[in-house]
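Architecture and fold: a report
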Amino acid sequence: MEGVKDGIVTPEAVVLELETAGVASRALAGLLDLAIQIGLMMVLMIVANLSGLVDSSANTALAIVIAITLMGYPVLLESLWRGQTIGKRTLGLRAITVEGAPVRLRHVMLRMMGGLVDRFLPPVGVTGVLFVLGTSRHQRVGDLLA
């Protein structure tokens, strides 16, 4: 796992030396998660099509499926798996707070909102990379918001 050693001060004033995730490991985890999300979108669209939801308004159904997948996937998994998605778990990464504590729902929600900026604001993905490289704790927009 690539990264830079950073110290995190716990509430007990103990400095923990943790290695932060680098751009490559984050990108690989993100690509794996994106592949899973695309597969999930396809399954949800097939279900919507078979249930007749697409007949009435295909654009609305597509927008709802995309929103649920892009926003719900990271929130659900990071909330249930203590800061990990399938991609992060595969690469041994975990989102934690600045104090080293597990992320909670409010952190996960803020990370997801910032993640939309990181990943989808043109040029795609460059914003997140610049923030990771430019901040002292290697945080992206979602991490800074949380």
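Definitions and cut-offs
Residues numbered from 1 in each chain as written. Predicted model: local features only at pLDDT ≥ 70, side-chain atom pairs only at ≥ 80, totals over all residues. Heavy atoms only, no water. Helix = DSSP H or I, 4+ residues; strand = E, 2+ residues; numbered from the N terminus. Contact = heavy atoms within 4.5 Å. Areas by Shrake-Rupley, 256 points an atom, 1.4 Å probe, with all protein chains shown as cover. Axes fitted to C-alpha atoms, helices over the stretch in contact; angles between N-to-C directions. Parallel < 35°, antiparallel > 145°, perpendicular 65-115°, else oblique. Left-handed = near helix turned anticlockwise from the far one by under 90°. Nonpolar A, V, L, I, M, F, W, Y, C, P; charged D, E, K, R; others polar. pLDDT = per-residue confidence, 0-100. Expected span 1.5 Å × (residues − 1). Bend = angle between axes of the 7 residues up to and from the residue. Buried < 20%, exposed > 50% of the residue type's maximum accessible area, 1.4 Å probe, protein only. Patch = residues over 30% accessible without salt bridge, like charges linked within 9 Å, V, L, I, M, F, W, Y side chains within 5 Å. Salt bridge = Lys/Arg side-chain N within 4 Å of Asp/Glu carboxyl O.

The subject of this paragraph is the overall build of the protein chain. The helix and strand tally for the protein chain stands at seven helices and two strands. Counting helices and strands in the order they occur from the N terminus, the protein chain gives β-β-α-α-α-α-α-α-α. A fraction of 49% describes how many contacts in the protein chain between residues 6 or more apart in sequence connect residues 24 or more apart. Per element, the accessible surface of the protein chain, about 8800 Å² overall, is 70% carbon and sulfur.

Time to look at unusual backbone geometry. In the Ramachandran plot, arginine 82 falls in the positive-phi region, its phi being about 50° despite a non-glycine side chain. Positionally, arginine 82 belongs in the loop between helix 3 (58–80) and helix 4 (86–91).

In this section: the packing of helix 3 against helix 5 (residues 105–120). Between helix 3 and helix 5, whose axes approach to 9 Å, the crossing angle comes to 140°. For the element pair helix 3 / helix 5, the angle class is oblique. Taken as a pair, helix 3 and helix 5 cross one another with a handedness that is right-handed. Contact with helix 3, carried on its side by Leu70, Met71, Pro74, Val75, Glu78 and Ser79, involves Leu105, Val108, Met109, Arg111, Met112, Leu116 and Phe120 of helix 5 and no other residues of that element. Of the residues assigned to the contact of helix 3 with helix 5, the class counts are 10 nonpolar, one polar and two charged.

On to the confidence of the model for the protein chain, then. For any part of a model where pLDDT is low, the fine detail of the predicted coordinates should not be relied upon. When pLDDT is averaged along the protein chain, the result is 83; 88% of the residues meet or exceed 70. When mean pLDDT is compared element by element in the protein chain, helix 4 scores highest at 95, while strand 1 (residues 5–9) scores lowest at 61. Low confidence marks residues 1–5, where pLDDT is under 50. Its contacts with residues over four positions away, or in another chain, come to 21 contacts.

Compared with an ideal rise of 1.5 Å per residue, which puts 23 residues at 33 Å, helix 3 spans 31 Å between its outermost C-alpha atoms and is within 8% of the ideal. Where helix 3 bends most, the angle comes to about 40°, and this point is glycine 72, followed within four residues by the proline proline 74. Listed in full, the buried residues belonging to helix 3 are Ala61, Val65, Thr69, Tyr73, Pro74, Val75, Leu77 and Glu78. Backbone geometry just downstream of helix 3 places arginine 82 in the positive-phi region, at approximately 50°.

Turning our eyes to something else, we now look at a nonpolar patch on the surface. Taken together, Leu105, Met109, Leu110, Met113 and Leu145 make up a surface patch of nonpolar side chains, about 430 Å² in accessible area. If one sorts the elements of the nonpolar patch by residue count, helix 5 sits on top with four residues. Within the secondary structure, leucine 110 sits in helix 5. Take leucine 110: its relative accessible area is 30%, and that puts it in the partly exposed class.

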